[in-house]
Each structure stands twice: as structure tokens, then as C-alpha cells.
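# Observations on chain architecture
Each chain, written out:
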Amino acid sequence: MAENALKTTNGNQAHGETTRGGHFFTPRVDIYETDEELTLVADVPGVTAEDVDLRFERGELILQGRVKPRQRPGLALLSEYEEGDFYRVFQIHESIDSTRIGAECKNGELIVHLPKAEAAKPRQVQVRAN
Amino acid sequence: MLTTSRQLFPMWNQLQQFQGEMNRLFDRWNEDGTRQLSWAGFPPVNVSEDGDTLHVEAELPGLKLDDLEIYVTGNNQLTLKGERKPAVPDKSVRHRQERGFGKFVRSLTLPFAVDPNKVDARFENGVLQIKLAKHESAKARKITVKGEATA
């Protein structure tokens, strides 16, 4: 069920324009499912809770993280990675209760909680003997 | 022969390549099976030199301060060591796993000797920033040139 609930659109391409140019990076994401919710964990180093822009519109969860440019003083001797804003979009199925989506951001990790709608929760059916 | 800091860069690159080979032996970080060719080990670092200070930066999201160790050995070797433990919710099914977990060790040979008592390391929002000060013995010393006394 979760596979249908969360499908990425082509994450490497950014939709729309932002006021700040530059590369967009697709953050790595882990998805876990419990009976209550779907948990999405994204690696977004350099992003604080205020810099996260999480929006849900038209059945899509849009994740955007703004990274404050970190100054690199002096002469660069080794450059193994680049910095930039993060962007990723997920398609959300109706089985997710979109009014109760919550998130927290700590240590460069963004955790998004997507609670399942009541109708989608697995329910144990009582079987009577007679 | 005098070397300017610009010429030091290509020399250090070769040293780094050798270091990269050594790092691969210790690389125990499991990713999705593919290995990125652009960097020599985990974590990828950005290093810059600003006069007598060396700045080293690495991205380590989700790592706790207790699981990270930084060592300076022999004055010019910097070692980053740590473990990233997954925080899996109870009774959950994993649908997608893109992030890596496990232990990592990475050693960098620095271009000059540093003072191990003057290392400043900061870890915020998953970004590790280390400032290393050049060791006194490695600092340039101006030599006075004695010339002929003018008549």
C-alpha cells in the first residue's frame, strides 16, 4: 500500500522557479510504515527547522530545504561535495490523512509523519465461534 | 626550491590519491551497493586553507555527538571516526532505504603540521566544521639576509 501512497515524481528536476538559483539536490530518504503512519526520514545536512518548507498541495508532498551558504574561507584544497538547496516531491495517496501531517527537523535530519486515514488502518476482525 | 601555496596543491593531490587507496581498505560504510567515484571515502570533505588555519568540513546528518570521534595524530593526520545508527520505529516495515548506516573511518593527511591543542570542532545541523591551526614549527620564518656593508 505504501508503494502507491508515496511515489516520487522525477525528483532530479525541480518544478517552478525559486528566487535563489543554483543546483538542487535530491535528499536521500528512508520510508518506514507502521500500522498508524508512514514515516519519511530525509538527510538534509545544513538545514534547520526554520529553513524547511514542507507543503502539501494537489496530492503532492513538496519538500524543500534551504541551506544557508557556508563560507569556505581561503584557498580550496579539496572539494568533494557541493552545497545547495534540497528539493523532492512525493505523490500522496488518499489513504494518508493530509490534515495531520507533521514534521520535525534535527541534526540535519527531517522526519515527516504521515498518519494513515482511519479507513486505511488495518483492523483485526473478531471471529465468533457459533 | 621555493614552493608557493599554489604549487603545493597538485603535490597534495597525489598524496590524497594515495590516501584514498588506503581509505578504501577501511571503507565499511554500506550504501545501496554503488560506489561513487568522485570521492575517496566517507564522509566526503571540503578542505580549505586560510593563511595559518585549515578548515575541514563534512556533512554527517543524523549523527549524534556521542557517536563521533575526531583524532589528530602525528601532528599532520586528521582522523574522523564514527557510527551512524538507524532509528527505526518499532514494528515497522521498511519501504525505501536510501540512506546509509554503519561505522566509518576516514583519515586525511594535512598539508602542514597542526597544533593539536588548537583544534576547534563544531557540529551543527549535521554539518561538522573543524578549524586547525598551523603548528608553530610549520609557520614560515622570515630570514634576515645579511649583505655587504655599503661603503
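Sequence positions are assigned chain by chain, starting from 1 and proceeding in written order. As a convention, the first chain written is A and the first ligand written is 1, with the rest following in written order. The predicted origin of the model limits local features to residues at a pLDDT of at least 70 and limits the giving and counting of side-chain atom pairs to 80 or more, whereas totals for whole chains, interfaces and linings rest on all residues.

## Thoughts on the overall build of chain B
Let me state the cut-off plainly: Each helix is a run of DSSP H or I of at least 4 residues and each strand a run of E of at least 2, with the numbering of both proceeding from the N terminus. Using C-beta atoms placed from the backbone, we call a residue buried if 20 or more other C-beta atoms fall within 10 Å of its own, exposed if 12 or fewer do, and partly exposed for counts in between. Here the contact rule is simple: place C-beta atoms from the backbone, and any two residues whose C-beta atoms are within 7 Å are in contact.
When helices and strands are counted, chain B shows one helix and eight strands. Looking at chain B as a whole, 23% of its 151 residues are labelled buried. Excluding contacts between residues fewer than 6 apart, the proportion of contacts in chain B whose partners are at least 24 apart in sequence is 56%.

## Structural notes on the confidence of the model for chain A
Residues and elements named next belong to chain A. Put simply, the test is: The quantity known as pLDDT measures the predictor's confidence residue by residue, on a range of 0 to 100.
Confidence along chain A averages 80 in pLDDT terms, with 82% of residues attaining 70 or more. No element of chain A has a lower mean pLDDT than helix α1 (residues 2-5), at 45, and none a higher one than strand β10 (residues 109-115), at 92. When the criterion is pLDDT under 50, residues 1-5 qualifies, and its contacts beyond four places in sequence or with other chains add up to 12 contacts. The low-confidence segment residues 7-17, where pLDDT is below 50, has 12 contacts with residues more than four positions distant or belonging to other chains.

## Here we look at the nonpolar core
Generally speaking, soluble globular proteins have nonpolar side chains that are buried together. The condition is simple: Think of a nonpolar core as buried Ala, Val, Leu, Ile, Met, Phe, Trp, Tyr and Cys residues, each tied to the set through C-beta atoms within 7 Å.
Counting residues in hydrophobic clusters, the biggest one holds 21 residues, and the most contacted among them are Leu40 and Ala42 of chain A. With four residues, the single largest contributor to this core is strand β4 (residues 37-43) of chain A. In this structure, Leu40 of chain A is in contact with Val29, Ile31, Val112 and Leu114 of chain A, ignoring residues within four places of it in sequence. Formed by 17 residues, the second largest nonpolar core is a distinct cluster that contains Val45, Ala58, Leu80 and Leu132 of chain B.

## Quick word on the interface of chain A and chain B
The cut-off we apply is this: Three classes are used, and their members are as follows: Ala, Val, Leu, Ile, Met, Phe, Trp, Tyr, Cys and Pro are nonpolar, Asp, Glu, Lys and Arg are charged, and the others, Gly among them, are polar.
Listed as interface residues are 30 residues of chain A and, on the opposing side, 34 residues of chain B. Elements supplying a minimum of two residues to the side of chain A that touches chain B: α1, β3 (29-33), β4 and β7 (75-79) of chain A. Looking at side-chain class alone, the side of chain A that touches chain B contains 13 nonpolar, eight polar and nine charged residues.

## So, the sheet that holds strand β7 (residues 114-124) of chain B
This is how it is decided: Here, a strand pair is defined by DSSP locating no fewer than two bridges between the strands. Only the stretch in contact is used when fitting a helix axis, every axis being a line fitted to C-alpha atoms; angles between N-to-C directions are given from 0 to 180 degrees.
The strand order β7(A)-β1(B)-β2(B)-β8(B)-β7(B) describes an open sheet built from five strands, whose pairing is antiparallel. Of all the strands in the sheet, the pair left with one neighbour each is β7 of chain A together with β7 of chain B. Within this sheet the neighbouring strands show an average axis-to-axis angle of 15°, counted without direction. Here seven bridges tie β7 of chain B to strand β8 (residues 127-134) of chain B, and the two strands are oriented antiparallel to one another. By the bridge assignment for β8 of chain B, Arg122 of chain B is matched with Gln129 of chain B.

## Quick notes on the environment of Lys146 of chain B
Residue and element names in this part refer to chain B. Tracing the chain through its elements places Lys146 in the segment after β8. A residue is classified by how many C-beta atoms lie within 10 Å of it, and Lys146, with 6 of them, is exposed. Remark: the alpha-carbon pair of Lys146 and Leu60, spanning 86 residues in sequence, is separated by 53 Å.

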